[in-house]
Amino acid sequence: MTPDRSTSRRATARRFSLTDDARWVRVQRAVLCGGVAAAIVAALLQAGVADGMLAWAAILLAAVAGAALPVRSRAQAVLRWDGAQWWWQRAGEPLAVSPDVVIDLEQWMLLRLNAVTDAEGVRGRAPPERWIALSRRAHEAQWASLRLHLFLAAG
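A quick note: this is a predicted structure, and the numbers were derived from the prediction, not measured.

A.B. asks: Would you take a moment to explain the side chain of His-139 for this structure?
C.D. replies: By the secondary structure assignment, His-139 is in the loop between strand S6 (129–135) and helix H3 (143–154). A polar side-chain atom of His-139 sits 3.2 Å from the main-chain carbonyl oxygen of Ser-135. When near neighbours in sequence (up to four residues on either side) are disregarded, His-139 contacts Ser-17, Leu-18, Thr-19 and Leu-134.

See the structure below:
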């Protein structure tokens, strides 16, 4: 007789302290500054005030300047699995969330946290969506457990 293997595994309750990945913050700043500079340069080119090569240099300089700004560390956030529900807390009350692993490169992961709606369809007080970039280097001690919980708790 073959053993019954139909029982699904459940992830046990666990708490994860998360910090923002400084490299991801720098990429976001570079894209934002480059985009703003591109919009300004486009307006100047349309008005006939700027030169094409100078415009490209200005966009590149803005992107590099955005990436070079120092990254200030923020308070650690907590992502908690209580055995039935995920909770997100940075400051204030915890928010019930549903995490989606959007990108998983084993060394780096991008999560999207969606606020869970209650029975009436009303969202919590926090924004409905939060993006978190996590790296193995920044969360080495809890990386394997975090990835395991994210995938086991989803099923």
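A.B. asks: What is the right way to look at unusual backbone geometry in this model?
C.D. replies: Leave glycine aside and you will find that most residues have negative phi; peptide bonds, for their part, are mostly trans. A positive phi angle, near 70 degrees, is found at Glu-106, a position not held by glycine. Along the chain, Glu-106 turns up in the loop between strand S4 (95–104) and strand S5 (108–115).

A.B. asks: What exactly am I supposed to notice about a nonpolar patch on the surface here?
C.D. replies: Residues Leu-32, Val-36, Ile-40, Leu-44 and Val-49 make up a contiguous nonpolar surface patch of about 460 Å² in total accessible area. Relative to the helices and strands, Leu-32 is located in helix H1 (residues 22–47). Taking the relative accessible area as the measure of exposure, Leu-32 reaches 57% and is therefore exposed.

A.B. asks: I keep staring at H1 and nothing clicks. Help me out?
C.D. replies: Helical geometry: 3.6 residues make up each α-helical turn, so side chains three or four residues apart lie on a common side. Its 26 residues place the ends of H1 38 Å apart at the C-alpha level, agreeing with the 38 Å of an ideal helix rising 1.5 Å per residue. Buried within H1 we find Val-25, Ala-30, Gly-34, Ala-37 and Val-41. If you follow the buried residues of H1, they end up packed against helix H2 (52–68). One or two steps after H1, the chain reaches Gly-48, where phi turns positive at roughly 80 degrees.

A.B. asks: Whenever I open this one, H2 confuses me. Can you help?
C.D. replies: For H2, with 17 residues, the first-to-last C-alpha span of 25 Å sits near the 24 Å given by 1.5 Å per residue. Residues Ala-55, Ile-59, Ala-62, Ala-63 and Gly-66 constitute the buried set of H2. The arc that holds every buried residue of H2, seen down its axis, measures 95 degrees, which confines them to one face. Exposed positions of H2 whose direction lies more than 90 degrees from the buried face are Met-53, Leu-54, Leu-60, Leu-61 and Ala-68. On its buried face, H2 is in contact with H1.

A.B. asks: For this particular structure, what's the right way to read the packing of aromatic side chains?
C.D. replies: What characterises a pair of aromatic rings is the spacing of the ring centres plus the angle enclosed by the ring planes. A full pass over the atoms with the stated rule returns 3 aromatic pairs. With a centroid separation of 5.5 Å and 50 degrees between ring planes, the pair formed by Trp-24 and Trp-108 is classed as tilted. With Trp-24 in helix H1 and Trp-108 in strand S5, the pair connects residues that are 84 residues apart, well separated along the chain. Residue Trp-108 is classed as buried on the basis of its relative accessible area of 17%. Between Trp-81 and Trp-86, the aromatic rings sit 5.3 Å apart at their centres with planes inclined by 45 degrees, giving tilted as the arrangement. Taken as a pair, Trp-81 and Trp-86 share a single burial class, namely buried. Taken together, Phe-16, Trp-81 and Trp-86 form an aromatic cluster joined through their ring pairs.

A.B. asks: Just to check I follow, could you spell out the sheet that holds S5 for this structure?
C.D. replies: Strands pair in a sheet through their backbones, by hydrogen bonds, and they do so in one of two ways: parallel or antiparallel. Spatially, the 6 strands line up as an open sheet ordered S1-S2-S3-S4-S5-S6, and their pairing is antiparallel. Both edges of this open sheet fall to strand S1 (14–18) and S6, since each of them pairs with a single strand only. Going across the sheet, the axis of each strand differs from the next one's by a mean of 35 degrees, ignoring polarity. As defined by bridge partners, strand S3 (residues 86–89) adjoins S4 across 3 bridges and the pair is classed as antiparallel. Opposite Trp-86, over in S4, you have Val-97 as the bridge partner.

What counts, and where the lines are drawn
- Residues numbered from 1 in each chain as written.
- Predicted model: local features only at pLDDT ≥ 70, side-chain atom pairs only at ≥ 80, totals over all residues.
- Heavy atoms only, no water.
- Helix = DSSP H or I, 4+ residues; strand = E, 2+ residues; numbered from the N terminus.
- Polar contact = N/O pair within 3.5 Å; in protein donor to acceptor, adjacent residues only side chain to side chain.
- Contact = heavy atoms within 4.5 Å.
- Patch = residues over 30% accessible without salt bridge, like charges linked within 9 Å, V, L, I, M, F, W, Y side chains within 5 Å.
- Areas by Shrake-Rupley, 256 points an atom, 1.4 Å probe, with all protein chains shown as cover.
- Salt bridge = Lys/Arg side-chain N within 4 Å of Asp/Glu carboxyl O.
- Buried < 20%, exposed > 50% of the residue type's maximum accessible area, 1.4 Å probe, protein only.
- Expected span 1.5 Å × (residues − 1).
- Arc of directions from axis to C-beta.
- Phe/Tyr/Trp six-rings, centres within 6.5 Å; stacked < 30°, edge-to-face > 60°.
- Pairing = 2+ DSSP bridges.
- Axes fitted to C-alpha atoms, helices over the stretch in contact; angles between N-to-C directions.

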